[in-house]
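# Structural overview for review
The chain contents come next:
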Amino acid sequence: MSSASEGRFLSSSVPSLTPTPRRTTLPTGDGVRIEAVYTPCTAGSARPDGADARGTAVVLAHGFTGSADRPAVRRAAEVFAQRAAVITFSFRGHGRSGGRSTVGDREVLDLAAAVAWARSLGHRRVVTVGFSMGGSVVLRHAALYTSPDASGDGEKDSGDRAGGVGRRTEACDGRAGAHTDAVVAVSAPARWYYRGTAPMRRLHWVVTRRTGRLVGRYGFRTRIHTEDWDPVPLSPVEAVPLIRVPLLIVHGDRDPYFPLDHPRALAAAARGHAELWLERGMGHAENAADEDLLTRVAEWTASA
């Protein structure tokens, strides 16, 4: 399905949308190569409201230890593809992508590469949807990368120097078209270093201990960076006030990783700019998102 040339971005002036699925490798702003999969929209050319469904692409960002080929990610992609084209990808250190996971820091560059690829394929509108770690990444990405048409306050310095990303502009890594038009964060943390639940204490052991990283590599097929964050990147709750596009926050009331104070803190930081969905009986991230919820989120992305 891929060719040697597919790892390079197509011209942003491509007039028509690609009609076929494809798998490729994308270069990030810091030189890591990530795998990405494109799934065309399976709906007709127009939605009932008259809008062009094919003009939108949804980029799905998986959680820690996930990948583009995990069943839960593929299931989500199938639901979203009924309303828009879909790009799934594997964060660095995951799946067939290169590099090592930085657990939400430099991953913003991976997402930017996937969004820019969507636009290079002819999509005029791109929406990012992230789960858990991917949720924190889509929030920070939306704060850091803004459209050239953004208002003046979109050019303020975010103070985020991690991952080589500092200014809130889509040219953070020299790539045009990397901004999102709407963002959805599912099961996202509000703050870094949270250890208030047993699953998060286990995750910190995997990330910070040598034995834990071995477990991550061979048990979860996730290669984890050995260095601490320096500097610490902008936290999700700090990123939310900087977001100037439609924002949806989704969280389950039975999430074993992050209790409800996390989504509520994110919504409060948005100061009325975000929608908050608290899902009864839902657990954590893409594995807990059933078809009904995915369908409702997909409908939101189509109309936001």
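What you are looking at is a predicted structure, and each value in this text was computed from that prediction instead of being measured.

## A few points about the environment of Gly 196
Secondary-structure assignment places Gly 196 in the loop between strand S6 (182–186) and helix H4 (198–208). A C-alpha to C-alpha distance of 8.8 Å links Gly 196 and Pro 259, two positions 63 residues apart in sequence.

## Some thoughts on the packing of H4 against helix H5 (residues 210–219)
Following both chains from N to C, one finds H4 and H5 inclined at 95°, their axes separated by 5 Å at the closest point. As judged from the angle between their axes, H4 and H5 are roughly perpendicular. Contact residues: Trp 205, Val 206, Val 207 and Thr 208 in H4; Arg 210, Thr 211, Gly 212, Arg 213, Val 215 and Gly 216 in H5. A class-by-class count of the residues in the contact of H4 with H5 yields four nonpolar, four polar and two charged.

## Let's talk about the sheet that holds strand S3 (residues 56–61)
Strands pair in a sheet through their backbones, by hydrogen bonds, and they do so in one of two ways: parallel or antiparallel. One open sheet holds the eight strands; their spatial order is S1-S2-S4-S3-S5-S6-S7-S8, and the pairing between them is mixed. Two strands bound the open sheet, and with one partner strand each, they are strand S1 (22–27) and strand S8 (274–279). Put simply, the sheet's adjacent strands are angled 20° from each other on average, direction ignored. Strand contacts of helix H9 (residues 291–303): S3, strand S5 (125–131), S6, strand S7 (247–252) and S8, with the helix running at about 170° to S8, the strand carrying the most contacts.

## Focus on unusual backbone geometry
Following Asp 230, the chain continues to Pro 231 via a peptide bond in cis, the omega torsion being 0°. Structurally, Pro 231 is set in the loop between H5 and helix H6 (236–239). At Val 103, a residue that is not glycine, the phi angle is positive and equals roughly 55°. Examined against the element boundaries, Val 103 turns out to sit in the loop between strand S4 (85–89) and helix H2 (107–120).

## Thoughts on a nonpolar patch on the surface
A surface patch of nonpolar side chains, about 250 Å² in accessible area, is lined by Trp 205, Val 215 and Phe 220. Tracing the backbone through its elements, the reader meets Trp 205 in helix H4. A relative accessible area of 36% means that Trp 205 is categorised as partly exposed.

## Examining the nonpolar core
Soluble globular proteins: nonpolar side chains tend toward being buried together. By size, the foremost hydrophobic cluster in this structure holds 53 residues, and its most contacted members are Val 59, Phe 89, Leu 139, Ile 243 and Leu 247. Ranked by the residues each element gives to this core, the list is headed by H2, at nine residues. Core analysis: the next-biggest nonpolar cluster, separate from the first, contains 26 residues, Ala 76, Val 86, Ala 182 and Leu 248 among them.

## A look at helix H3 (residues 133–144)
Counting along an α-helix, one turn takes 3.6 residues, and residues three or four places apart therefore face a common direction. Between the first and last C-alpha of H3 there are 17 Å, a value that for twelve residues agrees with the 16 Å anticipated at 1.5 Å per step. Most of H3 sits inside the fold, with twelve of its twelve residues counted as buried. Of all the positions in H3, only Met 133, Gly 134, Gly 135, Ser 136, Val 137, Val 138, Leu 139, Arg 140, His 141, Ala 142, Ala 143 and Leu 144 are classed as buried.

## Examining the pattern of salt bridges
Using the criterion set out here, one finds 13 salt bridges in the structure. Across the pair Arg 92 and Asp 30 runs a salt bridge whose closest N-O atoms are separated by 2.8 Å. Taken as a pair, Arg 92 in the loop between S4 and H2 and Asp 30 in the loop between S1 and strand S2 (33–39) lie far apart in primary sequence, 62 residues in all. For Asp 30, a relative accessible area of 31% translates into the label partly exposed. The structure contains a network of salt bridges with shared partners spanning Arg 23, Glu 35, Asp 69 and Arg 96.

## What to know about the environment of Leu 144
Within the element layout of this structure, Leu 144 appears in helix H3. The spacing of Leu 144 and Val 108 is 36 residues in sequence and 8.9 Å in space, taken between C-alpha atoms.

About the cut-offs
- Within each chain, residue numbers correspond to sequence positions counted from 1 in written order.
- Local features in this predicted model are restricted to residues of pLDDT 70 or higher, and side-chain atom pairs are both shown and tallied only at a pLDDT of 80 or more, whereas totals for entire chains, interfaces and linings draw on every residue.
- Side-chain numbers come from the whole structure's heavy atoms, not from hydrogens or water.
- In DSSP terms, a helix is any run of H or I states spanning at least four residues, a strand is any run of E spanning at least two, and both are numbered starting from the N terminus.
- Every axis corresponds to a line fitted to the C-alpha atoms, with the helix fit spanning only the stretch in contact, and the corresponding angles, defined between N-to-C directions, vary from 0 to 180 degrees.
- These descriptions rest on fixed angle ranges, namely under 35 degrees for roughly parallel, over 145 for roughly antiparallel, 65 to 115 for roughly perpendicular, and the rest for oblique.
- Residue contacts are counted whenever heavy atoms from the two residues lie within 4.5 Å of one another.
- All residues other than Ala, Val, Leu, Ile, Met, Phe, Trp, Tyr, Cys, Pro, Asp, Glu, Lys and Arg, Gly among them, are scored as polar; the first ten of these are nonpolar and the last four charged.
- Each pair of strands is called paired provided DSSP finds at least two bridges between the two strands.
- What goes into a patch is any residue over 30% in relative accessible area without a salt bridge, connected to like charges within 9 Å or, for nonpolar side chains (Val, Leu, Ile, Met, Phe, Trp, Tyr), within 5 Å.
- Accessible surface area values rest on a Shrake-Rupley calculation with a 1.4 Å probe, where residue burial reflects the displayed protein chains alone.
- Salt-bridge detection follows one rule: a side-chain nitrogen of Lys or Arg within 4 Å of a carboxyl oxygen of Asp or Glu.
- Buried residues are those whose accessible area, probed at 1.4 Å on protein chains only, stays under 20% of the maximum for their type, while exposed residues exceed 50% and partly exposed ones sit between those limits.
- Each nonpolar core is a collection of buried residues, namely Ala, Val, Leu, Ile, Met, Phe, Trp, Tyr and Cys, held together in the definition by side-chain atoms within 4.5 Å.
- A helix is expected to span 1.5 Å for every residue after the first.

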